[in-house]
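Secondary and tertiary structure notes
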Amino acid sequence: MQVKEKKEPERLKKGPFPWQMILFTAVLTVAGICSLLLEKPDVSEMEQRNLAQKPQVSWQSWFSGTFSKEFDAYYADTFPLRDFLVAFSNGTKESLGIRYDDIRILGGADAPVETPDESVSQPDQALSQSDASQSQSVSSPQQGGSDSSLSSEPEEDDVGVNKSGIFIYKGMGMSLFGGNESVGKVYADNINAYHEVFGDSVRVFDMVVPTSAEFYLPEKYKELSNSEKDAIESIYRHLADGVTGVDAYSAIEQHTDEYLYFNTDHHWTGRGAYWAYTAFAEAAGFAPLDIETDYTIKRIDNFLGSLYRQTQDSKMREKGDYVEYFIPDVQAQAYIVQKDQPYSKSEWMVWAESVSGSNSYLVFLCGDAPMIQIDTGTRNGKSIVVVKESYGNAFVPFLIPHYEHIYVVDERYFQTSLVDFIQKNNVDDLLFLNNAFSAMTGYHANNLKKLMYQVYVPPVEMPEEEESQVESSQEEEDPKWQGIQDEEDEDEEDE
């Protein structure tokens, strides 16, 4: 019996089609060559962060494995078409869910939190929102003395995190508010303490600014966020006689059809700050300038901010933002006081017009600093101290036509006694300006008390040899941080 030989399919005999192998090899070759030869970006506008830098080769890094890890991160961050691939990935992830009624709620995302940065020259500063629903350590104000519960650096719980998440509606991101009235009372009490010190010699004002969710959250989703109006009114009820609560809320509410808040960032716009300025002008007794006729209006396009950075949401990216700023016809020269240099100042700028992209909010004062002084051509002898977080940056330039000297104090970074500073400079007006999140956060409330009589203590400088030993020890204990800087400490900030 003859056994027939089983024939192998013709396609298996020939193997894979040659053109498939050639195409596959060509794609890998071109991608590899491009990844090595093309110019490497430093920043990802898509992800709103600095990309990994090419590591330096050394015997120590080579044999410890550090170089390979850092080069792997560098290669992944600078791969050709990376932003396109990231956008495609994000779009794919979003498509797995459902955007009902043009909304998206990120329940696990943190609200924008502005933690203290070390410097102000880098543009990408974080910017200051936190939820007081977290447990906070707060205390009532006293004149003089110190409180051991208040440290110069915030604890993690003190900064606060909004666990309610970020609500995105038709491409606009909003942080959901969860204010705590008891923290708001401490905030008000600490402001009252300044009035107790100065009496009628210094006019004291407090302005608590609502955020975008208060006006733009759809009515049927209002229950997701606490009322910022109620929170602000609660704070103002606790202000002492002689302290003026500025009703920025009503002024902003009348213009909500305008571009008052960013779609992709937690700050207000320059136009939103303008309407708050008109409310302060009324409270302080001067006439505000007209936004359309009394300023040179400029803008920076293609701004994507902090909320986009947290969510990478495609609808927010499509909607985008621009930054308007308003320059009055009044001369102004700014000076900056840097960290650990509280008794010296150098020239600075009121508007940092060279910024762009994700850093565009830094056009206002070029970010945050312990103190910025603005000397103006308004020769009326009047002066004001504005105590603020980053919301105040867009507001301060509107004061230039009304004060000869403006002192901008960042409550997170200022290092000497604010009471002494005000008295030595014969300041007329004192304005505390915070957004609703900050005013209801223990960290910010406590800062106002700490500022009153704090004493600057210069940092202790270690001998060079001892410092290198400490750095070497840290590298051995935690090698994953070798050669990597904290992006926010490169700053700004910028906020």
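Report on the accompanying structure. (Residues numbered from 1 in each chain as written. Predicted model: local features only at pLDDT ≥ 70, side-chain atom pairs only at ≥ 80, totals over all residues. Heavy atoms only, no water.)

1. A short note on the side chain of His-255
Residue position: His-255 is located in the loop between helix H10 (248-253) and helix H11 (270-284). Note on His-255: relative accessible area 16%, which makes it buried. Not counting residues up to four positions away in its chain, the partners in contact with His-255 are Leu-260 and Trp-275. (Helix = DSSP H or I, 4+ residues; strand = E, 2+ residues; numbered from the N terminus. Buried < 20%, exposed > 50% of the residue type's maximum accessible area, 1.4 Å probe, protein only. Contact = heavy atoms within 4.5 Å.)

2. Some remarks on unusual backbone geometry
A positive phi is found at Leu-365, a non-glycine position, where the angle reads about 65°. Structurally, Leu-365 is set in the loop between strand E11 (346-348) and strand E12 (371-376). Unusually for a residue other than glycine, Asn-426 sits at a positive phi of about 50°. Checked against the element boundaries, Asn-426 lands in the loop between helix H15 (418-424) and strand E15 (429-435). Classification of Asn-426 as exposed rests on a relative accessible area of 59%.

3. A short note on the packing of helix H7 (residues 181-198) against helix H9 (residues 228-237)
Contact geometry for H7 and H9: axes closest at 8 Å, N-to-C directions at 40°. Relative to H9, the element H7 lies oblique. You can see that H7 and H9 cross each other, and the crossing is right-handed. Two secondary-structure elements touch here, H7 through Glu-181, Gly-184, Tyr-187 and Ala-188 and H9 through Ser-234, Ile-235 and Arg-237. Residues belonging to the contact of H7 with H9 are distributed by class as follows: three nonpolar, two polar and two charged. (Axes fitted to C-alpha atoms, helices over the stretch in contact; angles between N-to-C directions. Parallel < 35°, antiparallel > 145°, perpendicular 65-115°, else oblique. Left-handed = near helix turned anticlockwise from the far one by under 90°. Nonpolar A, V, L, I, M, F, W, Y, C, P; charged D, E, K, R; others polar.)

4. Comments concerning the sheet that holds strand E10 (residues 332-337)
Sheet architecture is open: eight strands sit in the order E7-E6-E15-E13-E14-E12-E10-E11, paired in mixed fashion. A strand with exactly one partner marks an edge of an open sheet, and here the two such strands are strand E7 (243-245) and E11. Direction aside, neighbouring strands of the sheet carry axes that sit 25° apart on average. Strands in contact with H7 are strand E6 (203-209), E7 and E15; relative to E15, the strand with the most contacts, it is inclined by about 175°. (Pairing = 2+ DSSP bridges.)

5. Looking at the pattern of salt bridges
Within the structure shown, the criterion is met by 11 salt bridges. Two residues, Arg-271 and Glu-324, come together in a salt bridge whose shortest N-O distance is 3.0 Å. Linking Arg-271 in helix H11 with Glu-324 in strand E9 (residues 321-328), this pair joins segments that are 53 residues apart in sequence. No difference in accessibility class separates Arg-271 from Glu-324, as the two residues are buried. Across the pair Lys-298 and Glu-353 runs a salt bridge, and its minimum N-O distance is 3.0 Å. One end of the pair, Lys-298, is in strand E8 (residues 295-303); the other, Glu-353, is in the loop between E11 and E12, and 55 residues separate them in sequence. Looking at Glu-353, the relative accessible area reads 40%, which means it is partly exposed. Overlapping salt bridges bring together Asp-368, Lys-388, Asp-410 and Arg-412 as one network. (Salt bridge = Lys/Arg side-chain N within 4 Å of Asp/Glu carboxyl O.)

6. Focus on H7
In a regular helix each residue adds 1.5 Å, so 18 residues correspond to 26 Å; H7 covers 26 Å between its end C-alpha atoms and thus fits that length. Across the 18 residues of H7, 13 count as buried, placing the element largely inside the fold. Looking at the residues trailing H7, positive phi occurs at Gly-199, about 60°. (Expected span 1.5 Å × (residues − 1).)

7. Some points on the pairing of E10
Pairing analysis gives six bridges linking E10 to E12, with the strands arranged antiparallel. What sits directly across from Ala-334, in E12, is Ile-374. In terms of strand pairing, E10 meets E11 through three bridges, oriented antiparallel. Considered in E11, the bridge of Tyr-335 is made with Glu-347.

8. Looking at the packing of aromatic side chains
Counted according to the given criterion, the structure contains 28 aromatic pairs. Their ring planes at 50° and their centres at 5.2 Å tell us that Phe-167 and Tyr-221 sit as a pair that is tilted. Taken together, the positions of Phe-167 in strand E4 (residues 166-169) and Tyr-221 in the loop between helix H8 (213-216) and H9 put the pair 54 residues apart, joining distant regions of the chain. Grouping residues by exposure puts Phe-167 and Tyr-221 together as buried. Aromatic ring contacts, followed pair by pair, group Phe-205, Tyr-274, Trp-275, Tyr-277, Phe-280, Phe-286, Tyr-295, Phe-326, Phe-395, Phe-398 and Tyr-403 into a single cluster. (Phe/Tyr/Trp six-rings, centres within 6.5 Å; stacked < 30°, edge-to-face > 60°.)

9. Observations concerning the nonpolar core
Membership of the largest hydrophobic core comes to 110 residues, with the highest contact counts inside it found for Met-207, Tyr-261, Trp-268, Phe-280, Val-385, Phe-395 and Leu-430. Residue contributions to this core peak at nine residues, all from H11. Those residues in contact with Leu-430 that lie beyond four places of it in its chain are Tyr-194, Phe-198, Val-202, Arg-203, Val-204, Phe-205, Val-385, Val-387 and Ile-422. Grouped together as the second largest cluster of nonpolar side chains are six residues, Ile-166, Ile-168, Leu-307 and Tyr-308 included. (Core = buried A, V, L, I, M, F, W, Y, C linked by side-chain atoms within 4.5 Å.)

10. Here we look at the environment of Ser-360
For Ser-360, the location among the structural elements is in the loop between E11 and E12. It is 9.5 Å that separates the C-alpha atoms of Ser-360 and Glu-324, two residues lying 36 residues apart in sequence. With near-sequence residues (within four places) excluded, Ser-360 lies in contact with Ile-300, Asp-301, Phe-303, Val-323 and Val-355.

11. Remarks on helix H17 (residues 442-453)
Across the 12 residues that make up H17, a large majority, 11, are buried. Along H17, the residues classified as buried are Gly-442, Tyr-443, His-444, Ala-445, Asn-446, Asn-447, Leu-448, Lys-449, Lys-450, Leu-451 and Met-452.

12. What to know about the pairing of strand E5 (residues 172-175)
Here E5 shows a buried face lined by Met-172 and Met-174 and a second buried face lined by Gly-173 and Ser-175. Pairing analysis gives four bridges linking E4 to E5, with the strands arranged antiparallel. Among the inter-strand pairings, Phe-167 is bridged to a residue of E5, identified as Met-174. Taking the residues between adjacent antiparallel strands as the criterion, E4 and E5 are bridged by two residues, where Lys-170 takes a positive phi near 50°.

By themselves, these figures tell us nothing about what the structure is for.
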